[in-house]
Structures are given as structure tokens and as C-alpha cells.
Amino acid sequence: VSERAWLGLENLRLRQVNKDRLAQFENTFNQAAVGIAHVGLDGRWLRVNRRLCEIVGYSPQEVIASDFQQITHPDDLQLDLDHFAALHRGETASYSIEKRYIHKNGSTVWINLTVSMSQAEAASRYAISVVEDITARKEIENQNSKLSRLIEWSKDFISLADLNGKITYLNAGARRMIGAGEEQDLSALHFTDYVPQDWQEFFVAKVIATARESGSWEGEMQLQHLETGAQIDVHRYSSIIRHPQTHEPIAFATVARDI
């Protein structure tokens, strides 16, 4: 084979390699499970993938005709602009923030946004954005936050203990009921410490044993104030908490109401 022919074949091979690499890149870009976009330095969308369009609810044509400022929640826009400007000035190589988009239907979409700058020449530089929809996680966090506040503000005694009886959590109502101040070291507190002596045998043999065997115990008994020794009549519900996957017992939960 002549040198000219060999060079021709090599060029064909290299063109095919480049074509295959471009096809792989296109597939990766378009079929990624996260949103990916190229964004101009003025904030306009230059290129977007299918997942990003699904996240915001707009067609590719509608997205390309706008900029990220238009769909960013007003309360989050300045933070994003500040980071974007710092990236443009070269003060940072990339940034990641959690922010909100406004979906086409008007709903709020929480995203985790990671942005870096392309390495192209200054005149043709653009930002590369990776967008992950975290709305479901944010909704769970919001519900958990509400639940935590509800538990903490409850006047009832609410506690968690490990399987050995060591207290891991007391809400404010529980602390007030048994006289455990904010400075109380919970790691040194056992759930028998605030059970009157006359109730110790019943508590261990009936309450704890029943909860272990059948999953829960409910009834009336007494608790005892840690400082004064005063006894408090309560209606108590104690149950076993199980691991969501293995269903193995992992903790005791108690709710008690002063009666």
C-alpha cells in the first residue's frame, strides 16, 4: 500500500472515530438522567437536553428562546446571578446551589444546580449546567420539618430510646414533665430513671416485655419527676420502632399524656 493510500485510509479511520465519539457525546447529552445545558454568558440557553425540558415543562424550542433568569424563582435569582458572575470573572471554577425553577404550569421545582465554565476561547465560552430535580426530597424534608416542630411543641411526653433503654430523644413536653432541663445529658439517662420504684417491676415485666413481644403496650402508669420525686399519672403508649427495610427492632418510642 502506498504512503498516500495509507494516509487516506488513516484519515478515513480518524474521521470515523471522531464521528463515533460525537455520536456517543450526543447520546450521553440527550439521554442523561439529569438536565444538561450549555448557557451563554448572558444567561441565554444555547443547548438543552430532553431531561431539562421535562424538569421545567417547556419544549426545547421554548427553552432556547429564553434565558435561565426567566424561569428561576425570584427569591433565588440574585444568588444564582452572583455565583454566575463570579464564575464568569474566573474567581471560581464551578459552583453548586439548590434553587427553584418555575415550571410552565406555575408549580415550583426544586433543583440542585452545578455550573462550570467551558474551556473554549473567550469569544465562544459558555457555561455548562447540570440540573438535578430534588423536588421530592425537598417535599420530604419540608414534611419532616413540620413533623419535628409538631413533636417538639407538643405538651405530651414524647421520647425515643435505644433497645437497651438509653434515651436518645426527649421533646420539650417530656423534659418539662420529668424535670430534665436543656442541659440534661440524655446519653446518661435510662428510661427507668423516671419510673417510680413501685412501678419498676411492672414497667420492665409488663410494658417493655409486651412491647418487645407484640410491638406495643398501652395503658396507665406513673412517671416520676427527676428532681422533686413527684409522681405523675400518665396514659402511656410505648412501641417498638423497626428498620424500614429489615424490619428488625431498632428503638423504643413512647408517647405519654398527663392525666
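Residues numbered from 1 in each chain as written. Predicted model: local features only at pLDDT ≥ 70, side-chain atom pairs only at ≥ 80, totals over all residues. Heavy atoms only, no water.

A. Structural context of helix α8 (residues 200-214). Its 15 residues give α8 an end-to-end C-alpha distance of 20 Å, which sits within 8% of 21 Å, the value for a rise of 1.5 Å per residue. If you check which residues of α8 are buried, you get Gln 200, Phe 203, Val 207, Ile 208 and Ala 211. Contacts made by the buried residues of α8 are with β8 (216-224), β9 (231-242) and β10 (249-258). Trailing α8 by a residue or two, Gly 215 shows a phi angle of about 105°, which is positive. (Helix = DSSP H or I, 4+ residues; strand = E, 2+ residues; numbered from the N terminus. Expected span 1.5 Å × (residues − 1). Buried < 20%, exposed > 50% of the residue type's maximum accessible area, 1.4 Å probe, protein only. Contact = heavy atoms within 4.5 Å.)

B. Representation of the sheet that holds strand β1 (residues 35-39) in the model. The 5 strands are arranged β2-β1-β5-β4-β3 in an open sheet whose pairing can be described as antiparallel. Only two strands of the sheet have a single partner each, and these edge strands are β2 (45-48) and β3 (94-102). Strand-to-strand, the axes of this sheet are offset by a mean angle of 30°, without reference to chain direction. Pairing of strand β4 (residues 108-117) with strand β5 (residues 127-133) involves 7 bridges; the strand directions are antiparallel. (Pairing = 2+ DSSP bridges. Axes fitted to C-alpha atoms, helices over the stretch in contact; angles between N-to-C directions.)

C. Molecular detail of the packing of aromatic side chains. If you walk through the whole model with that rule in mind, you get 6 aromatic pairs. Arranged with centres 5.7 Å apart and planes meeting at 70°, the rings of Phe 191 and Phe 252 form a pair that is edge-to-face. Here Phe 191, found in the loop between α7 (172-178) and α8, pairs with Phe 252, found in strand β10; they are 61 residues apart in sequence, far enough to count as distant. Like Phe 252, Phe 191 is buried. Measuring from ring centre to ring centre gives 5.8 Å for Phe 202 and Trp 217, while their planes differ by 75°; the resulting arrangement is edge-to-face. Remark: Trp 217 occurs in strand β8 and Phe 202 occurs in helix α8; sequence separation between them is 15 residues. We classify Phe 202 as partly exposed; its relative accessible area is 31%. One aromatic cluster in this structure is built from Phe 191, Phe 203 and Phe 252. A cation sits over an aromatic face here: Arg 47 above Phe 29, 4.5 Å from the ring centre. Sitting above the plane of the Trp 110 ring, Lys 138 keeps its charged end 4.6 Å from the centroid. (Phe/Tyr/Trp six-rings, centres within 6.5 Å; stacked < 30°, edge-to-face > 60°. Lys NZ or Arg CZ within 6 Å of the ring centre and 35° of its normal.)

D. Summary view of the nonpolar core. Phe 157, Ile 167, Leu 170, Ile 178, Phe 191, Tyr 194 and Leu 223 are the most contacted members of the largest nonpolar core, which has 25 residues in total. The set of elements that each furnish at least two residues to this core consists of β6 (157-161), β7 (167-170), α7, α8, β8, β9 and β10. The greatest single-element share of this core, amounting to 4 residues, is contributed by α8. Setting aside residues no more than four positions away along its own chain, Tyr 194 makes contact with Phe 157, Ser 159, Ile 167, Ile 178, Leu 189, Leu 223, Gln 224 and Leu 226. (Core = buried A, V, L, I, M, F, W, Y, C linked by side-chain atoms within 4.5 Å.)

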